[in-house]
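Letter by letter, the chains look like this.
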Amino acid sequence: MNAMSVPVATPDRPVNGVAFTVVIVLFLVVAVVGFLAARWRAGEKSGLHSLDEWGLGGRGFGTWVTWFLLGGDLYTAYTFVAVPAAMWATGAVSGFFAVPYTIVLYPIVFVLMSRLWSVSHRHGFVTPADFVGGRYGSRVLTVAVAVTGIVATMPYIALQLVGIKAVLTVLGLGSAENALLTDLPLIVAFVVLAAYTYTSGLRAPALIAVVKDLLIYLAVIVAVIYLPIKFGGWDSIFGAAQQKLTAVSPATGKPAGVFIPGASSYSAYWTLALGSALALFMYPHSITGVLATKSRNTIRKNAAVLPLYSLMLGFLALLGYVAISAGTKPIDLNGTVNPQLVVPQLFLDHFPAWFAGIALAAIAIGALVPAAIMSIAAANLFTRNIYRDLIRPTADPRQEAKVSKIASLVVKFGALVFVIGMDQSAAINMQLLGGIWILQTFPAIVAGLYTRWFHRWALFAGWAAGILYGTIAAYNVVNPATKAHFGGSVAAIPGTDIQVYIAIVAFVINILVAVILTLVFRAMKMADGRDITRESDYGADEHDPKVAEIERAYPLSESGDALG
Amino acid sequence: MSSADMPTSPEGPARPDVPTDHDMPTRSPAKPAPYVIAGILLAIAIVVPLFVPSYSSDSPRLAGIPFFYWYQMLWVPITAGLVGISYQVVVREDRRRRDAIRGGVGQGEVR
């Protein structure tokens, strides 16, 4: 192809020089922060040569750092792009459920996560699968949890790239004719990300998250005050949204979307919110954020202050309606309508170029933070539960850190290939499945925090049944317009016409199988695995010694630098 | 679990920085009341925002925003408050249980 004749952008999308410069500058600032993060609170003796240091930031993050880290980790760039996009396209049920989802999330986190923190602190667990292994002594169950975590995380990373891509497209980078040129900025961004994640580990996203969160709060607060004034107040914005969403589409004979859910959508709405909330902290990247905190109560305190992000997400969702009222046209490079461009386009259309640049940079950087944490979390799972447990049981901390660093590169490269090589909808479908799958690890992880009643093989069978049902049910959802499979995450409960989130039905099947088979296996007196945890572990705090220290010091010596 | 509120260790209370046997409890037995209170508050924060029929209506609007939208966003600060109260209640009981087992070593400690 003749490079000279290919413009940097299609003629209708000129490169916005000012906004682009702002994005580049902020990206460079973030890259410098990412590399410098290696020296932040680094242990002088050990460097970053263990998973505790590289993969969990030294296990010493306090309330503030955790607030920024988890805020950047859970409220991802894809959320910022996809939630308003869903509001713009189909309204409340597929978009605004994110608000109750991120409300009910925090009571659940409050109850569960401090117990997981305590037992992990006592035993040095780095991943959720480490805990399952320690609790049930079942290699099969451990690997099932680890593989589910890795597989569910990969498309999630890919979607962060989709978020960056939306920003780059709106900025005017890329062309319909030259795919390589389109993807080049994305590749550069990801190589830089991979480099500082490799050198700094979890410290890099923790510091960058501070920059990202401040930028995104600034952008959303300004937009939510300024735009409604510009477009005649919320009254007329909601008027425009209601008109668009309740208009009957000639193609399907149904309304375009849902403005306020009717009785038939109630079950879909609340099961989507609850199922997503139960699933979110089963994702390895969320648990990485929890285990990186320095005390048992850090995560509980954060459960009370993290909801501020949910408020921001709610307003961001409403920007989807603002875009309806503003008549935003999210036209992709190939001329089709792409709802995911709605929010970046809205900022570019109605703000000075420099401020739009800040908002777009916030979204792009917002993709880098979770992408880094997710790749670290997936790499830790691979290292601890596949490499160490299955391949090389004698691996020392230094080797583990080395393997994990390389695995994080592989994971990111895989996500990049996924987004560049495959259709974008493949990543979205996989992410949809990932949400269903990850919830199937809930019984093994959460029940284990409270009881050893469940049999390990019953939990495994429940997991398998849930995954099987969820995958088949999701495949059978056909998009009415395009006739494609994996058309959504809501389906009727088998034998009824009550529409619910597929993950919830799979979850119920999972638990039923686990309960019934536990009774059967116990009656058969099938062998139970070894449990290395004790009741005391689940309430331990940061002042209680770790088990390794107890074993080293007792009964030979009565003192020792347990908390060194 | 023993029903005693105070630990009855023959050698006296263990110091928190001295490693002890793995089976040694890290906290003394719980009083149920704080956990029941926190449980109720957290259950409210989960169940009420998921009860869709209670808020699926357009009116009353607030500054032009339909009830459905502003009511759910109102629950964000309410949940934060309920979780915050639960935190105070649970952490206080937690501290009492630890102090009881550590012989009051960490009593003056406020975090």
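Not measured: the values here are computed from a predicted model. Residue positions within a chain follow its written sequence, with the count starting from 1. As a convention, the first chain written is A and the first ligand written is 1, with the rest following in written order. Per-residue local features of the predicted model are confined to residues with pLDDT of at least 70, and side-chain atom pairs are confined, for both listing and counting, to 80 or more; whole-chain, interface and lining totals are unaffected and use all residues. The basis for the side-chain values is all heavy atoms of the structure; hydrogens and waters are excluded.

**Section: the pattern of salt bridges**
Residue and element names in this part refer to chain A.
Then, number 1: One speaks of a salt bridge when a side-chain nitrogen belonging to Lys or Arg is within 4 Å of a carboxyl oxygen belonging to Asp or Glu. For the structure shown, the criterion picks out 24 salt bridges over all chains.
Then, number 2: With its nearest N and O atoms 3.0 Å apart, the salt bridge here joins Asp 130 to Arg 384. You can see Asp 130 sitting in helix 7 (residues 128–136) and its partner Arg 384 sitting in helix 17 (residues 353–391), a full 254 residues away along the chain. This pair shows no difference in class: Asp 130 is buried, exactly as Arg 384 is.
Then, number 3: Among the ionic pairs, Asp 183 bridges to Lys 165, the shortest N-O distance being 4.0 Å. Of the two residues, Asp 183 is situated in helix 9 (residues 179–200) and Lys 165 in helix 8 (residues 139–171); the sequence distance between them amounts to 18 residues. Helix and strand assignments come from DSSP, with helices taken as H or I runs of at least 4 residues and strands as E runs of at least 2, each series counted from the N terminus. Only protein chains enter the accessibility calculation, which uses a 1.4 Å probe. A residue is then buried if its area is under 20% of the maximum for its type, exposed if over 50%, and partly exposed in between.

**Here's the deal with the nonpolar core**
Then, number 1: The biggest cluster of nonpolar side chains holds 212 residues, and the ones touching the most others in it are Phe96(A), Leu319(A), Tyr321(A) and Tyr69(B).
Then, number 2: Considering every element that reaches this core, the biggest residue donor is helix 17 of chain A, with 20 residues.
Then, number 3: Once residues lying within four places of it in the same chain are set aside, the contact partners of Tyr321(A) are Met87(A), Gly91(A), Ala92(A), Ile237(A), Phe238(A), Ala241(A), Leu245(A), Val258(A), Phe259(A) and Tyr69(B). Residues grouped as a nonpolar core are buried Ala, Val, Leu, Ile, Met, Phe, Trp, Tyr and Cys residues, joined through side-chain atoms within 4.5 Å. A contact between two residues is defined here by any heavy atoms of the two lying within 4.5 Å.

**A closer look at the interface of chain A and chain B**
Then, number 1: Every contact between the two is made by 60 residues of chain A and, on the other side, 49 residues of chain B.
Then, number 2: Two parts lose some accessible area (1.4 Å probe) when they are put together, and adding that loss for both gives the buried area. For the pairing of chain A and chain B, the buried interface totals around 4,600 Å² over both sides, and the portion due to carbon and sulfur atoms is 69%.
Then, number 3: Counting the contacts that link chain A with chain B gives six salt bridges.
Then, number 4: One salt bridge in this structure joins Arg98(B) and Asp544(A), with 3.7 Å as the shortest N-O distance.
Then, number 5: N or O atoms closer than or at 3.5 Å make up a polar contact, with two conditions inside protein: a donor-capable atom paired with an acceptor-capable one, and, for residues adjacent in sequence, both atoms drawn from side chains. The tally of links from chain A across to chain B stands at 10 residue pairs in polar contact (both at pLDDT 80 or more).
Then, number 6: At the level of secondary structure, the elements contributing two or more residues to the side of chain A that touches chain B comprise helix 6 (98–123), helix 11 (233–246), helix 12 (266–280), helix 14 (298–305), helix 15 (307–326) and helix 23 (547–553) of chain A.
Then, number 7: Sorting elements by how many residues they give to the side of chain A that touches chain B places helix 6 of chain A first, with 11 residues.
Then, number 8: Counted by class, the side of chain A that touches chain B contains 38 nonpolar, nine polar and 13 charged residues. Residues are grouped as follows: nonpolar covers Ala, Val, Leu, Ile, Met, Phe, Trp, Tyr, Cys and Pro; charged covers Asp, Glu, Lys and Arg; every other residue, Gly included, is treated as polar.

**Some words on unusual backbone geometry**
Then, number 1: For the bond running from Ser59(B) to Pro60(B), omega is 0 degrees, close enough to zero to count as cis.
Then, number 2: By the element assignment, Pro60(B) lies in the loop between helix 1 (32–50) and helix 2 (67–102).
Then, number 3: At Phe486(A), a position not held by glycine, the phi torsion is positive, near 55 degrees.
Then, number 4: On the secondary structure map, Phe486(A) appears in the loop between helix 21 (456–475) and strand 1 (490–492).
Then, number 5: In the Ramachandran plot, Lys525(A) falls in the positive-phi region, its phi being about 55 degrees despite a non-glycine side chain.
Then, number 6: Among the structural elements, Lys525(A) can be located in the loop between helix 22 (502–523) and helix 23.

**Considerations on a nonpolar patch on the surface**
Then, number 1: Note on patches: the residues involved have over 30% relative accessible area and no salt bridge, like charges join within 9 Å, and the nonpolar side chains Val, Leu, Ile, Met, Phe, Trp and Tyr join within 5 Å. Note that accessible areas follow from Shrake-Rupley with a 1.4 Å probe, and for residues the cover is restricted to the protein chains shown. A surface patch of nonpolar side chains, about 460 Å² in accessible area, is lined by Val508(A), Leu512(A), Ile516(A), Val520(A) and Met524(A).
Then, number 2: Inspection of the secondary structure assignment puts Ile516(A) in helix 22.

**A look at the confidence of the model for chain B**
Keep in mind that low pLDDT regions are not for reading the predicted coordinates in detail.
All names here are of chain B.
Then, number 1: Think of pLDDT as the predictor's per-residue confidence, scored from 0 to 100. Summary statistics for chain B give a mean pLDDT of 79 and a share of 74% for residues scoring 70 or more.
Then, number 2: Counted against residues more than four places away or in other chains, residues 1–19, with its pLDDT under 50, gives 30 contacts.
Then, number 3: Low pLDDT, under 50, characterises residues 106–111; the predicted model gives this stretch seven contacts beyond four residues in sequence or across chains.

**Brief notes about the environment of Thr90(A)**
Residues and elements named next belong to chain A.
Then, number 1: With respect to the secondary-structure elements, Thr 90 resides in helix 4 (residues 77–90).
Then, number 2: For the pair Thr 90 and Val 337, spaced 247 residues apart in sequence, the C-alpha separation works out to 14 Å.
Then, number 3: Every residue in contact with Thr 90, bar those within four places of it in the chain, is listed here: Leu 245, Ala 256, Gly 257 and Val 258.

**Structural notes on the packing of aromatic side chains**
Then, number 1: Stacked, tilted and edge-to-face pairs are distinguished by plane angle, under 30 degrees for stacked and over 60 for edge-to-face with tilted covering the rest, among Phe, Tyr and Trp rings (Trp via its six-membered ring) whose centres lie within 6.5 Å. A complete count under the given rule lists 37 aromatic pairs over all chains for this structure.
Then, number 2: Pairing Phe351(A) with Phe355(A) gives two aromatic rings, centres 5.1 Å apart and planes at 45 degrees, and the pair type is tilted. This pair shows no difference in class: Phe351(A) is buried, exactly as Phe355(A) is.
Then, number 3: Taking the centre distance of 5.8 Å and the plane angle of 85 degrees together, the rings of Trp354(A) and Phe355(A) count as edge-to-face.
Then, number 4: Classification of Trp354(A) as partly exposed rests on a relative accessible area of 49%.
Then, number 5: The rings of Phe96(A), Trp234(A), Phe238(A), Phe259(A), Tyr269(A), Tyr321(A), Tyr55(B), Phe67(B), Phe68(B), Tyr69(B), Trp70(B) and Tyr71(B) are connected pair by pair, giving a single aromatic cluster.
Then, number 6: We count a charge as sitting over a ring when the NZ of a lysine or the CZ of an arginine lies within 6 Å of the ring centre and within 35 degrees of the ring normal. A cation sits over an aromatic face here: Lys244(A) above Trp88(A), 3.7 Å from the ring centre.
Then, number 7: If you follow Arg300(A) out to its NZ or CZ, it ends over the ring of Phe110(A), 4.8 Å from the centre.

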